[in-house]
Structure formats: C-alpha cells, structure tokens
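These are the residues of each chain, in order.
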Amino acid sequence: MTGDRSAPTVAGPSAATLAALLGADMPAAEDIAPEAFELAERIRDLVEAAVLTDVDGAVRADAARRVAEITEALRAAQRPKDRVVMLVRHGNGRFEHLTQAGSGRLNPQAARMEFFDLPTPPPPGSDPRPVEIRGAVTLTAAHGGPPGRVHGGIVATVLDQLLGVAASLSGPAGFTAGLDLRFRKATPYDVPLELSARFEKREGRKTFVTGEIRAHGEVTAQATAVFVSDRTLNAEPAAHS
C-alpha cells in the first residue's frame, strides 16, 4: 500500500457514508498489497499459538522480546487513529471495510469470515430488494469460552457482521439498532461453520434481517437484527463486509 488513502473518521456516520465521502479516492480492492493480508493472517496464527502454548518461561520471554521488536517495527509508519477506517471498492461496486473488528481482513482480531458470491449492490436511492447471502468461518481456540465452545460474545459478533452484510446488500442499512440472539446449541471451534442471512423487510429507515450459524448442518445460533440508516446520507451505496 502506498500513501494514506484511509477514510477520515467523521463523528457518527456509517461506513457507507464514509464510502460516499471518499468516492473516487477509495482504492480498488486489488490495490492492497498481498503482504498486508499475509501479515494479518500470521498474527492470527500467533494469537492462537499464544493461547495454546505450553512452552517454558525462557521461550515465552524470548518470544515476547521478538514480538515487541516486531511491534515497534510496525509502529515506524502508522496512520493516525482518526484515519483507522480503510475502505476499498470491488469491481461490482461493493465496498469492503478492511479494518473493522467483525470480518476485516486487515484486522487480526477479526474472525476469518468469508462470503460467497455477494451480489452487485442496488443503485443508490432504489427500493430495497430481497437478498440472501451465505458464508463460512472457522473459529479457533482464541475465540473459546467453555471447553471446546466459542465464546458467546464472539458468536454475537459473527452474527452481527453477517446480518449487517445482508442488510446492506438490500440497500442502505446503516447501524445495528438491535440484535435478538438465540443460542440453540454449542458453537464449536476448529469446525467449519456455515453462515446464512436474509433480508426480511424495511420500514422507513429500519431494515430487518435474520440469519443463523450452522455446524454439521445443525443451527447453533440464530439472530434477528434491525439496522437504522444514517441520517447524514439519503442515498448510501450498499453492501459492506
């Protein structure tokens, strides 16, 4: 990546509003250097290794020293914290938020979520359209709560992100206003999880969506969410991830 093309933080707006403000200044997804994604992936691996490690104190101390050195190297050139949001545009007009904590591919604390065949966003100002999306994620011991199970807060984050993507693909959706979550079974980690979500209806500025997580074909958690569109932009571009 070259230069600072991240989005300035404006108090209150959604990522879609920031995308509209950036317009042509938003980089294309293919402009992001592959090394940036590789770094995030290796840090994810590091976090899981740190959770599971049983090495002795000397090895831990040496690892801590080396991690501190890497941290200082990465701090040598940083964006200011009011420009932390990094948005890119895909060829079909969909924008992606690369640094958000739900599924941001450049945020190592985000889960490795992927979405399949996301449709082209509807034109700004058009009526909402029905949409259903599918995706997948494999969580790790770093996301654990009870033995062998994903922490409930991580399950909620995955569902919030999943439903947010579905809501935005139906048209401008904005912020999560409510998330009604139900845990049906334990959600395991180290197991491929199936994700699905769909647009239900829109009432004024409110968009309603539902979705679920499945393991081995069985629903482990499901949610209904309501999103409220941003007042600061009447016709937002749709679809984020």
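Here, the structure is the one placed above.
Rules and cut-offs
Residues numbered from 1 in each chain as written. Predicted model: local features only at pLDDT ≥ 70, side-chain atom pairs only at ≥ 80, totals over all residues. Heavy atoms only, no water. Helix = DSSP H or I, 4+ residues; strand = E, 2+ residues; numbered from the N terminus. Expected span 1.5 Å × (residues − 1). Buried < 20%, exposed > 50% of the residue type's maximum accessible area, 1.4 Å probe, protein only. Contact = heavy atoms within 4.5 Å. Arc of directions from axis to C-beta. Pairing = 2+ DSSP bridges. Axes fitted to C-alpha atoms, helices over the stretch in contact; angles between N-to-C directions. Salt bridge = Lys/Arg side-chain N within 4 Å of Asp/Glu carboxyl O. Core = buried A, V, L, I, M, F, W, Y, C linked by side-chain atoms within 4.5 Å.

> Got a sec to walk through helix α4 (residues 152-169)? Specific residues and values, please.
For α4, with 18 residues, the first-to-last C-alpha span of 26 Å sits near the 26 Å given by 1.5 Å per residue. Within the span of α4, buried status applies to Val155, Val158, Leu159, Gln161, Leu162, Leu163, Gly164, Val165, Ala166, Ala167, Ser168 and Leu169. Looking at the packing, one finds that the buried side of α4 touches β3 (114-116), β4 (132-137), β5 (175-183), β6 (193-203), β7 (206-215) and β8 (218-228). Directly beyond the C-terminal end of α4, a positive phi value near 140 degrees is found at Gly171.

> Give me the lowdown on helix α2 (residues 34-52), citing residues and values where you can.
For an α-helix the count is 3.6 residues per turn, leaving residues at separations of three or four pointing the same way. Between its first and last C-alpha atoms α2 spans 28 Å; for 19 residues at 1.5 Å apiece the expected length is 27 Å, and the two agree. Of the residues making up α2, those classed as buried are Ala36, Phe37, Ala40, Arg44 and Glu48. The arc that holds the buried residues of α2, viewed along the axis, is 120 degrees, so those residues lie on one side. Facing away from the buried side of α2 by over 90 degrees, the exposed positions are Pro34, Glu35 and Ala50.

> Before we move on, can you summarise the sheet that holds β3 with the specific residues and values?
Taken together, the six strands give an open sheet; going across it, the order is β3-β4-β6-β7-β8-β5, and neighbouring strands pair in antiparallel fashion. For this open sheet the edge positions go to β3 and β5, each flanked by a neighbour on one side alone. Here the average twist between neighbouring strands, direction ignored, is 25 degrees. As defined by bridge partners, β3 adjoins β4 across three bridges and the pair is classed as antiparallel. In the strand pairing of β4, Phe116 is matched with Arg134. Taken strand by strand, α4 contacts β3, β4, β5, β6, β7 and β8, and its axis lies near 130 degrees from that of β7.

> So what about the pattern of salt bridges? Which residues, and what values?
The full count for this structure, using the stated rule, is 16 salt bridges. As a salt-bridge pair, Arg66 and Asp62 come within 3.2 Å of each other at their nearest N and O atoms. A residue pair is termed a helical-turn pair when its members lie 3 or 4 positions apart in one helix, as Arg66 and Asp62 do in helix α3 (residues 57-74) at four residues. The class of Arg66 is partly exposed, set by a relative accessible area of 46%. Linked by salt bridges that have partners in common, Glu38, Glu41, Arg42, Arg44, Asp45 and Arg112 make up one network.

> Can you explain the nonpolar core? Please cite residues and give values.
Of all hydrophobic cores here, the largest spans 31 residues; its most connected members are Met113, Ile133, Val137, Leu159, Leu162 and Leu163. When residues of this core are traced back to their parent elements, those giving at least two are β4, α4, β6, β7 and β8. Setting aside residues up to four positions removed in sequence, Ile133 forms contacts with Phe115, Leu118, Leu162, Val165, Ala166, Leu169, Leu195, Ser196 and Ala197. One finds Ala29, Ala36, Phe37 and Leu98 within the second-largest nonpolar core, a separate group that totals eight residues.

> Please set out the pairing of β4 residue by residue, giving values where relevant.
In this sheet, β6 lies alongside β4 in antiparallel orientation, the contact comprising six bridges. Its bridge partner lying in β6, Gly135 is registered against Leu195.

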